[in-house]
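Read off the chains here:
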Amino acid sequence: MNTITAISSQTKSANRGMPALKKLRVALFGFGVVGSGVWNILEHKRAEFRKRFGVDIEVGGICVKNLEKERSVALPAGLVTNNIADLTQDNSIDVVIELIGGRYEALDIIESALEGRKHVITANKLVLSHELPRLRTRADRQGVNLFYSASVCGSVPVLRALDELLIGDEILSLRGIVNGSTNYILTLMDDGLVSYSDAIVQAKEKGFLEADPTLDVSGQDAGQKLSVLTYHAFRKHLLPSEIITNGIEAITSEKVQAAKEAGKVLKLIASASRDRKTGEILASVGVEALDKTHLFAHTRDEFNALEIQTRHAGPQLLYGKGAGSLPTASAVVSDLVELLREL
Ligand SMILES: NC(=O)c1ccc[n+]([C@@H]2O[C@H](COP(=O)([O-])OP(=O)(O)OC[C@H]3O[C@@H](n4cnc5c(N)ncnc54)[C@H](OP(=O)(O)O)[C@@H]3O)[C@@H](O)[C@H]2O)c1
């Protein structure tokens, strides 16, 4: 880990009795839907964090793919590169926030950051679903933190809840809606407003869909999230290929309408539980027709809901926005805050 530098020793002597203000240098990889949201929140919160934690968060660099691209949020001048190594090899960077998505380039960024003893924050469930145990071990060995709250259920702190519950209880099962974009698509179709293909266009416009929408509509994105959830709930890593996964591609307006006439609502449900006899973890993703009075039937638009069944506390329900720029960015920033608390 890089030494977090005190901004100046003068600050300390000038403010006798006040601790020196520390500086935390952050590199932001990706300035898309989530990355630009993180930039906006950090700009807004910087003064508050300085006051509350005594740490000045400075964005030391931003890496994007296309420097010429037109953007709704302007790239801050002087901070931008399209060369990943400019930032992963920069020894003055303390924290890498990986928000480029995809698998192998993102994995390289995370691994080189850990190698350089930088803390890592990521929202990348694709990478985590394949590499989580190995990356956690690597971070531990390097003495740095690896945080990934935003990888599952966007703004909803489901992983923290599972970690807390597991301390004094036992998780029996998980079940819920963990993909905001497909839930948004199914909601539009259920309202009878649009066809499947028009709903996809609208979800894309809202920034809810992954760069490759196949990951969402095929159920793979939900499967990757379930892999991360399962690791936290049962301490068992399941590869996405070990999760029975079906998506919403075969859902038509006619099927949604037929379900509605039968008093049902179609939802993409992820679930995992431990088999009582074998101890095996069974996990799956697929469309279910739920009674219209079911709690999940009322989980609309890009919202997520997760029911956690525990041995002692019984059922717990977590609910909130599972996709979108600021909700997801807020989870990324909450990881940064957790890091600030530990400094
Ligand atoms: N969107 C959501 O609601 C949501 C919710 C939860 C989690 N996530 C996760 O958050 C991550 C980011 O998602 P997003 O929606 O923000 O993606 P996005 O809008 O497609 O943005 C991706 C960003 O990464 C940059 N990038 C891509 N490849 C790069 C490369 N090789 N080198 C440098 N920069 C590169 C892009 O640069 P350019 O701008 O130049 O193209 C862009 O700024 C993903 O892991 C996703 O699964 C997203």
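The rules we used
- Residues numbered from 1 in each chain as written.
- Predicted model: local features only at pLDDT ≥ 70, side-chain atom pairs only at ≥ 80, totals over all residues.
- Heavy atoms only, no water.
- Helix = DSSP H or I, 4+ residues; strand = E, 2+ residues; numbered from the N terminus.
- Expected span 1.5 Å × (residues − 1).
- Bend = angle between axes of the 7 residues up to and from the residue.
- Contact = heavy atoms within 4.5 Å.
- Polar contact = N/O pair within 3.5 Å; in protein donor to acceptor, adjacent residues only side chain to side chain.
- Buried < 20%, exposed > 50% of the residue type's maximum accessible area, 1.4 Å probe, protein only.
- Near = heavy atom within 4 Å.
- Areas by Shrake-Rupley, 256 points an atom, 1.4 Å probe, with all protein chains shown as cover.
- Nonpolar A, V, L, I, M, F, W, Y, C, P; charged D, E, K, R; others polar.
- Pairing = 2+ DSSP bridges.

Draft legend 1. Quick look at helix α5 (residues 125-142). The end-to-end C-alpha distance of α5, which contains 18 residues, comes to just 22 Å, noticeably less than the 26 Å that a straight helix rising 1.5 Å per residue would cover. Its axis deflected by about 85 degrees at Glu-131, α5 carries its strongest bend there, up to four residues before the proline Pro-133. Buried-residue contacts for α5 involve α4 (104-115), β6 (119-122), β7 (146-147) and α10 (220-234). Put simply, Asn-124 is the residue that caps the front of α5, since its side-chain oxygen is 3.2 Å from the backbone nitrogen of Leu-126. Where α5 terminates, the next one or two residues include Gly-143, which has phi positive at roughly 75 degrees.

Draft legend 2. Region of the structure containing the environment of Leu-126. Looking at the element boundaries, Leu-126 is found in helix α5. Note on Leu-126: relative accessible area 18%, which makes it buried. Each C-alpha atom of the pair Leu-126 and Gly-101 lies 7.8 Å from the other, and the pair is 25 residues apart in sequence. Residues within four places of Leu-126 in sequence aside, it is in contact with Gly-102, Arg-103 and Gln-224.

Draft legend 3. Highlighting the site of the ligand. In the neighbourhood of the ligand, 25 residues make up the surrounding shell, with Phe-31, Asn-66, Lys-69, Arg-71 and Gly-324 lying closest. A distance of 3.0 Å separates an oxygen atom of the ligand from a polar side-chain atom of Lys-125. Taking 900 Å² as the accessible area of the ligand by itself, protein coverage stands at 88%. Each residue belonging to the shell around the ligand can be placed in one class, and the counts come to eleven nonpolar, eight polar and six charged.

Draft legend 4. Representation of the sheet that holds strand β11 (residues 281-291) in the model. In spatial order, the strands read β9-β11-β10-β8-β12-β13; together these six strands make up an open sheet with mixed pairing. Single-partner strands in this sheet number two, and they are β9 (244-245) and β13 (314-321). As paired strands, β9 and β11 are joined by two bridges and run parallel to one another. Each residue of the ladder has a partner; that of Thr-245, found in β11, is Val-285.

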